[in-house]
Every structure is written in structure tokens, then in C-alpha cells.
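Each chain, written out:
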Amino acid sequence: MLKKKSIGYILAGALSLSVAGVVPVFAASNDDSSTAAKSQGEALFSKRGHGFGFKEGFRADPDMIKQKAKELGIKTTGKDTETLMKEIRNTEIKKEAKELGIKTSGKEIDTLAKEVREARIKKEAKELGIKTSGKEINTLAKEVREARIKKEAKELGIKTSGKEIDTLAKEVREARIKKEAKKLGIKAEGKDIPTLAKEVHDRQILQTAKKLGIVTKGKRTEEILNEIITNHADKVKDLDLFPFKDREHPFGIFHMKREGFDWKDKVVER
């Protein structure tokens, strides 16, 4: 049985780049700078996310959606995936609201979602030492995004002075990919970032599969990841393995998907 947080996180498609991962939920369109502040760091059902819906352009696995619905006590018989997605969204919004001390009675779901998003942004801002008083929520969200990017940049030894925030964010993502590649023994020389990121992703899937005793030969990498998520999520989380470790970083490979990069899945031959 998958844990609620685990399956919700996978459905979000927001894996962190300290582990550089992708999951079988894909973004079809790019994020521009105006939406980045709002969506940055958002995971569909992640405890760290501010978003509570399946974003337009995402393709979700029907089996995962049904599994998540069952875990939330939602009846699935006779319902299509779209209906279940809506019910899951509504249930998760109410759950998050209660955890944040927000009253839910008599409120429209979209109103409640807005209140929850604002509460989480303010909470994150306070954790980063950002003052929230008198600021509009989108302004605060932008400050949070910039603060997190700069924090990550400093941790990676990247100079921040005089750089546009989107330029710095790109440098951070690339640096994390290269760092992880080096850690995994993957040569980066002569490879572009999407290619290197894909190699990191595949290597991490195979490492986890090996530790779990999963047979990988003849299976596509995303098929292996599906098996890890579906059958071994609890164990993977307990052992702090990919794709559930270091979830807090907002610079995932999925951001590259949104920026127009793409790659094809492959069959594992060995």
C-alpha cells in the first residue's frame, strides 16, 4: 500500500534535482517568468507544494489516480479519471486547509485553495526570513522563489551578484545535474544538459531497482520507475532512495521539461 504523501508526490511530477528525477507525468507546455513565481516548487499533493490541481498539459497515470483516490476514501466505481482527479484535488485542499488551521465550512473549493496557497507561501517566506507584512501574495511568492534560488546558488558555489534570477536558476539546475552526474560516475564532457540529466535519471532508477532486487532487463526505464512506485514506495521512502529523497529542492528536471527539453525512454539491455 502506497503512503498518501508518496503517491501524491509522484503524481505531482515535481521531483528534486538533488536526485535529478522525472516521473511518468509530463508537462506539455512551457512556464514563462510570470507564472514561475506562482508555480515554483509546487507539487500537486506534496506537503511542500502550493498547488492543488492537475496542471493543464499533464498526463497522469489512471492507475495511480485510482490508487490515490482509494487511499483518500474516495469511491472509484463508475468514475472516469478526470472525475477522480477533481475529487482528489478537492479532498487534498480540505486536508491541507485543516492542517494549516484554515476553516473550510461554507467556502467554495477555489476560495479555499487560494487561502491554502497563500498560507503555505507565507509559511515558506518566514522560514527563509522574508517579511510578509503588507505584501501581495504574488509579490511574496516571487521573493520566496528568488530567495530559494540564491540560497541554492550559494550552496553550490555559484556567484549571484549582477545576475538575472532566471539566469541564476538555470545555472543552479545545471550545476546540480553535473554534481549528481559526477557523484554517479557519469562523464559530463561533450554532453548537453538534457542528455546528462537523462543519464542521471536512468542511473538513479537502476540503482534503486538493484537495491530492491527488481529485474530490469528488457524493461523501459519509466516502466521500472512505475514498478518502484507502485510496489515498493514505502520501502524506498524508508531507505531514503530515489525518487523520494531530498524532496525539498525546487530545481527538478521537470523544469527542463517545461523549458522545451525532451528525451525518449529506453529499454534496459543489461
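Remember, predicted model here, so these are calculated numbers, not experimental data. (Residues numbered from 1 in each chain as written. Predicted model: local features only at pLDDT ≥ 70, side-chain atom pairs only at ≥ 80, totals over all residues. Heavy atoms only, no water.)

(A) Quick peek at the pattern of salt bridges. Overall, the coordinates contain 15 salt bridges when judged by the stated rule. As a salt-bridge pair, Lys-79 and Glu-87 come within 3.0 Å of each other at their nearest N and O atoms. The exposure class assigned to Glu-87 is partly exposed, which follows from its relative accessible area of 24%. With its nearest N and O atoms 2.9 Å apart, the salt bridge here joins Glu-227 to Lys-219. A residue is classified by how much of its surface remains accessible, and Lys-219, at 18% relative accessible area, is buried. (Salt bridge = Lys/Arg side-chain N within 4 Å of Asp/Glu carboxyl O. Buried < 20%, exposed > 50% of the residue type's maximum accessible area, 1.4 Å probe, protein only.)

(B) Structural view of unusual backbone geometry. For Asp-240, which is not glycine, the phi dihedral falls at a positive 60°. Its place among the elements puts Asp-240 in the loop between helix 9 (221-238) and helix 10 (253-258). (Helix = DSSP H or I, 4+ residues; strand = E, 2+ residues; numbered from the N terminus.)

(C) Structural context of the confidence of the model for the protein chain. Of all residues in the protein chain, 68% have pLDDT values of 70 or greater, and the mean over the chain is 75. The least confident element of the protein chain, judged by mean pLDDT, is helix 2 (residues 33-39) at 33; the most confident is helix 6 (residues 137-155) at 95. Overall, residues 247-263 carries pLDDT values under 50, and its contacts beyond four positions in sequence, including any with other chains, amount to 69 contacts. (pLDDT = per-residue confidence, 0-100. Contact = heavy atoms within 4.5 Å.)

(D) A look at the side chain of Asp-202. Mapped onto the secondary structure, Asp-202 falls in helix 8 (residues 193-212). Residue classification places Asp-202 among the buried positions, given a relative accessible area of 4%. Here Thr-221 takes part through its side chain, which lies 3.5 Å from a polar atom of the side chain of Asp-202. (Polar contact = N/O pair within 3.5 Å; in protein donor to acceptor, adjacent residues only side chain to side chain.)

(E) The arrangement of the packing of helix 6 against helix 7 (residues 165-183) in detail. Between helix 6 and helix 7, the least distance of the axes is 9 Å, while the angle of their chain directions is 45°. With respect to their mutual orientation, helix 6 and helix 7 come out oblique. For the crossing formed where helix 6 meets helix 7, the hand is left-handed. When helix 6 is examined against helix 7, the residues Arg-145, Glu-146, Ile-149, Lys-150, Glu-152, Ala-153 and Glu-155 are found in contact with a partner set consisting of Ile-165, Asp-166, Leu-168, Ala-169, Val-172 and Arg-176. (Axes fitted to C-alpha atoms, helices over the stretch in contact; angles between N-to-C directions. Parallel < 35°, antiparallel > 145°, perpendicular 65-115°, else oblique. Left-handed = near helix turned anticlockwise from the far one by under 90°.)

(F) Broad picture of the nonpolar core. Within the largest apolar cluster, 13 residues are counted, with the highest numbers of intra-cluster contacts made by Ile-205, Ile-224 and Ile-228. Of all elements in the fold, only helix 8 and helix 9 reach the threshold of two or more residues within this core. Looking at this core element by element, the count peaks at five residues for helix 9. Ile-177, Ala-181, Leu-184 and Ile-186 belong to the second largest nonpolar core, which has eight residues in total. (Core = buried A, V, L, I, M, F, W, Y, C linked by side-chain atoms within 4.5 Å.)

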